[in-house]
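Residue-level structural notes
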Amino acid sequence: MTIPLQIIDLSKAYDAKEAVRNISFKVNENEIIGILGPNGCGKTTTIGMILGLLKPTKGKILINGIEIEKQRVKLLNNLNFISPYIELPKKLTVKQNLEVYGRLYDIKELRNKIDYLCEKLRLNEFINKITGELSSGQKNRVSLAKSIINDPSVLLLDEPTASLDPETGDFVRSFLEEYQKEKRTSILLASHNMAEVERLCSSVLMMNKGSIIDQGTPQELIKKHGRRNMEEVFLKLTRNLI
Amino acid sequence: MNLNKMYGLFLRHFYLIKSSLPRVLDLIYWPTIQIILWGFISKFFSIYSDFYNNTLGIILTCAILYDILFRSSISFNMLFLEEIWSRNFTNLFIAPLKLKEIIISLIFTALIRTLIGLVPAIILTSPLFGVSILKLGLPLLILFLSLYIFGITLGLFVSSGLMRFGPSFENIAWSSLFLLAPLGCIYYPIEILPNFFQIIAKGLPLVYIFDETRNILLNGLVNYENIKQAYLLNLIYLIFGIGLFYLSFLRARVKGTLMNMGE
């Protein structure tokens, strides 16, 4: 069976500075892998390379067994991404945004798809509102809808619950759990919320200064480092390395 | 190429314009002011200049044609800038769109924006100044297309810069056309320029387009040599512009500018 996402010996350098150094990992079908590390450790650069926004200096990224550098546009049909640092066009209504992105991903029976997303993510109450006028939680749900509009086989989540209130954060996490079970999606989650990582991820990659410094299930890492939770593991690993 | 995807990108900008009256008014406002201003200047020259005697609309017609170039280029640039300002740039480039689909969609969208801005201004010239650009007849279409292609080409150059260097390139997006205006010989024949600038100007399709416009209005004849020369130069610049756009995308992927757009 082909692996949805496989990273082999991946590096990215900007002139003399190495942002990512020889990292390798894979995300199997129906698996959520967490990618953790302090700011500037190379998480976003790694995600950027997987999305085809950055050209790796060295190494390979395989999506469903095909190298992204060889068939970037075709493979982007199988990927999607959500991040609080990018937004959907603010002046368009929620419905218009979903229609635009549905077309960009060439979704068949788009109306049914939008109805499905509206029901699942509770968008109906503000579907005709201007996206820029929504609350953070509502915007997050719209971005989430955009990120699964193409039923991606690989979904990349960059801090998907950052700046959300606890109720909305919990709604998003529960939705992701349910969605992943239903669609058997492979998810790579970059997050600074350690409780979220413990809850969602079957395995965790710890990054620092562009390299993977440790990996395992959250329980394995907690036990290995003799700590009570992932937050303490994170602090131990990052502080020891500074 | 996928029409549905290209239509999606068109809709993204169409919805933006449709939902905002200030945006529509902004599109119409500047061409209208420009054309009214040149209308009065043209009227003054037609009364006091021998060169423009009996050709009341010559400057005004050239002003309208220059605005086609200006609006088409700015419209193309704006489509890119809108994505940067709305922090939607990354979403666009992670969607499964080929670069040629992006270019074609933006070319068509820029045409709609250009026409929204120019048609009301063109309609105004007839009752206000008794001048109709339609008097150019069929050659108007050929001149319009030539200017539109060059406007899009300039848009491709600037968008390539935006992709490669990020939002800091924005100021060049606004000023690029003003640089070409004196060399384009919009309102005067090329002989007015000093010799050195004449050499540069001859490398621009604008010189041939505006020379031909004046020729048609003054003599009522079409010199197809000028038109051929303009299209040949347009083709060369367009191919170069598309090449530069592709190259800038590749360089942006190496340098990482696609990741940090919007700041």
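As a starting point, this report considers the structure included with it. Computed from a predicted model, the values in this text were never measured in an experiment. (Residues numbered from 1 in each chain as written. Chains lettered and ligands numbered in written order. Predicted model: local features only at pLDDT ≥ 70, side-chain atom pairs only at ≥ 80, totals over all residues.)

**Some thoughts on the interface of chain A and chain B**
Filter applied, for reference: Distance between backbone-placed C-beta atoms decides contact: two residues are in contact if it is within 7 Å. Secondary structure elements are defined from DSSP: runs of H or I of at least 4 residues count as helices, runs of E of at least 2 residues count as strands, and each element is numbered from the N terminus. Amino acid classes used here: Ala, Val, Leu, Ile, Met, Phe, Trp, Tyr, Cys and Pro are nonpolar; Asp, Glu, Lys and Arg are charged; the rest, including Gly, are polar.
The interface is formed by 24 residues belonging to chain A together with 28 residues belonging to chain B. The element contributing the most residues to the side of chain A that touches chain B is helix α3 (residues 94-104) of chain A, with five residues. Counted by class, the side of chain A that touches chain B contains 14 nonpolar, three polar and seven charged residues.

**Looking at helix α4 (residues 110-120) of chain A**
All names here are of chain A. Rules: The exposure label follows from counting other C-beta atoms within 10 Å of a residue's C-beta, where the C-beta atoms are placed from the backbone and the thresholds are 20 or more for buried and 12 or fewer for exposed, leaving partly exposed in between. Here the arc refers to the directions that run from the helix axis out to each C-beta atom.
If you check which residues of α4 are buried, you get Ile-114, Leu-117 and Cys-118. For α4, the angular spread of the buried residues around the axis is 100 degrees, confining them to a single face. Those residues of α4 that are exposed and angled more than 90 degrees off the buried face are Asn-112 and Glu-119. Residues of α4 that are buried make contact with α3 and α5 (136-147). Following α4 by one or two positions, Arg-122 adopts a phi angle in the positive range, close to 55 degrees.

**Points about the sheet that holds strand β9 (residues 203-208) of chain A**
Residue and element names in this part refer to chain A. Definition in use: A pair of strands is treated as paired once DSSP finds two or more bridges between them. Axis definition: a line fitted to C-alpha atoms, over the contacting stretch in the case of helices. Angles run 0 to 180 degrees between N-to-C directions.
With mixed pairing, six strands are arranged side by side in an open sheet as β6-β7-β8-β3-β9-β10. Strands at the two margins of the open sheet, each flanked by one partner only, are β6 (79-82) and β10 (211-216). Direction aside, the axes of adjacent strands within the sheet are offset by 20 degrees on average. Sheet strands touched by helix α1 (residues 43-50): β3 (32-36), β7 (154-158), β8 (186-190) and β9. Its angle to β7, the strand with the most contacts, is close to 150 degrees.

**Observations regarding the sheet that holds strand β4 (residues 58-63) of chain A**
Residues and elements named next belong to chain A. The antiparallel open sheet is built from four strands, whose spatial order is β2-β1-β4-β5. Each having just a single partner strand, β2 (17-27) and β5 (66-67) make up the two edges of the open sheet. In this sheet, β4 lies alongside strand β1 (residues 5-14) in antiparallel orientation, the contact comprising five bridges. Residue pairing for β4: Gln-6 is matched across the bridge by Leu-62.

**Looking at the pairing of β7 of chain A**
Residues and elements named next belong to chain A. Burial of β7 is extensive: five of the five residues sit out of reach of the surface. Of the two faces of β7, the one holding Val-154, Leu-156 and Asp-158 and the one holding Leu-155 and Leu-157 are both buried throughout. In terms of strand pairing, β6 meets β7 through four bridges, oriented parallel. Its bridge partner lying in β7, Leu-79 is registered against Val-154. The pairing of β7 with β8 spans five bridges and is classified as parallel. Residue Asp-158 lies in a different strand from β8, and its bridge partner there is Ala-190.

**Some details on the nonpolar core**
Heads up, the rule is: What makes a nonpolar core is a set of buried Ala, Val, Leu, Ile, Met, Phe, Trp, Tyr and Cys residues, with links drawn between C-beta atoms within 7 Å.
Judged by nonpolar contacts, the single largest core of 138 residues is most densely connected at Ala-145, Leu-156 and Leu-189 of chain A together with Leu-147 of chain B. It is helix α3 (residues 58-85) of chain B that provides the largest number of residues to this core, a total of 17 residues.

**As for unusual backbone geometry**
Residue and element names in this part refer to chain A. With a phi angle near 55 degrees, Asp-15 is a residue other than glycine that sits in the positive phi range. Counting through the fold element by element, Asp-15 comes out in the loop between β1 and β2. Assessed through the 6 C-beta atoms surrounding it within 10 Å, Asp-15 is described here as exposed. Residue Asp-151 is not a glycine yet carries a positive backbone phi of 45 degrees. Within the secondary structure layout, Asp-151 lies in the loop between α5 and β7.

**Concerning the pairing of β1 of chain A**
Residue and element names in this part refer to chain A. Note: β1 against β2, seven bridges, orientation antiparallel. The partner of Ala-13 across the bridge, within β2, is Glu-18. Hairpin connection between β1 and β2: a loop of two residues separates the two successive antiparallel strands, and Asp-15 in this loop has a positive phi of roughly 55 degrees.

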